[in-house]
Amino acid sequence: SLSRALEHAGDDEHLAAGLTLVQQELLGALARAGIESYSPEGEPFDPNAHEAMAQHPVEGAETGTIVEVYQSGFRHGETVLRPARVVVAA
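Residues numbered from 1 in each chain as written. Predicted model: local features only at pLDDT ≥ 70, side-chain atom pairs only at ≥ 80, totals over all residues. Heavy atoms only, no water.

Draft legend 1. Local environment of the overall build of the protein. Check the secondary structure of the protein and you find 2 helices and 6 strands. Of the regular secondary structure in the protein, the N- to C-terminal order runs α-α-β-β-β-β-β-β. Referenced to the eigenvectors of the C-alpha coordinate spread, the extents of the protein come out at roughly 40 × 35 × 15 Å. Long-range pairs, those at least 24 residues apart, make up 55% of the contacts in the protein with a sequence separation of at least 6. When the accessible surface of the protein is summed, it comes to about 6200 Å², and 51% of that surface belongs to carbon and sulfur atoms. On the protein, the mean spot of the 5 positive side-chain charges and the mean spot of the 14 negative ones are 10 Å from each other. (Helix = DSSP H or I, 4+ residues; strand = E, 2+ residues; numbered from the N terminus. Contact = heavy atoms within 4.5 Å. Areas by Shrake-Rupley, 256 points an atom, 1.4 Å probe, with all protein chains shown as cover. Lys, Arg positive; Asp, Glu negative; His and termini not counted. Charge placed at Lys NZ, Arg CZ, Asp CG, Glu CD.)

What follows is the structure, encoded as structure tokens:
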């Protein structure tokens, strides 16, 4: 949600700066707890770690490759807490 808020902060530099600080603090706290964010663009699609939101033909991309990440995922070690939401090449 913080990432989406940052996208819509527009020209309000103070709002964007505040949201960025909150996001950095949250990601830092998660990292200290062993939780990491992942963005799998360019990787092969894995239904255990990714949620396909769409599938499109993409010139130059191998079928089954993640070509866009809508939302990063989170994991704790090898355990996926939230799958990354992605677009997969058809």
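Draft legend 2. Quick peek at the pattern of salt bridges. Within this structure, the stated rule accounts for 2 salt bridges. Of the charged contacts in the structure, one is a salt bridge between Glu 51 and Arg 85, with a shortest N-O distance of 3.4 Å. Linking Glu 51 in strand β2 (residues 50–56) with Arg 85 in strand β6 (residues 84–89), this pair joins segments that are 34 residues apart in sequence. Of the residues examined, Glu 51 reaches a relative accessible area of 32% and is grouped as partly exposed. With relative accessibility at 34%, the residue Arg 85 sits in the partly exposed group. (Salt bridge = Lys/Arg side-chain N within 4 Å of Asp/Glu carboxyl O. Buried < 20%, exposed > 50% of the residue type's maximum accessible area, 1.4 Å probe, protein only.)

Draft legend 3. Structural detail: the nonpolar core. Counting 7 residues, the largest nonpolar core consists of Tyr 38, Ala 49, Ile 66, Val 69, Ala 84, Val 86 and Val 88. When residues of this core are traced back to their parent elements, those giving at least two are β3 (66–71) and β6. Per-element accounting of this core gives the leading share, 3 residues, to β6. Residue contacts for Val 69: discarding those within four places in its chain leaves Ser 39, Pro 40, Glu 41, Arg 85 and Val 86. (Core = buried A, V, L, I, M, F, W, Y, C linked by side-chain atoms within 4.5 Å.)

Draft legend 4. Examining the side chain of Thr 65 more closely. Here Thr 65 lies in the loop between β2 and β3. In this structure Thr 65 comes out as buried when scored by relative accessible area, which is 17%. Contact partners of Thr 65, with chain neighbours within four places excluded, come to Gly 42, Glu 43, Pro 44, Val 87, Val 88 and Ala 89.

Draft legend 5. Just the sheet that holds strand β4 (residues 73–76), in detail. The strand order across the open sheet built from 3 strands is β1-β4-β5, with neighbouring strands paired in antiparallel fashion. Each having just a single partner strand, β1 (35–38) and β5 (79–82) make up the two edges of the open sheet. The mean inter-strand angle of the sheet, taken between neighbouring strand axes irrespective of direction, is 35°. Where β1 and β4 come together, 4 bridges link them in antiparallel fashion. When the sheet's bridge partners are listed, Glu 36 is paired in β4 with Arg 75. (Pairing = 2+ DSSP bridges. Axes fitted to C-alpha atoms, helices over the stretch in contact; angles between N-to-C directions.)

Scope: geometric values only; no functional claims are made or implied.
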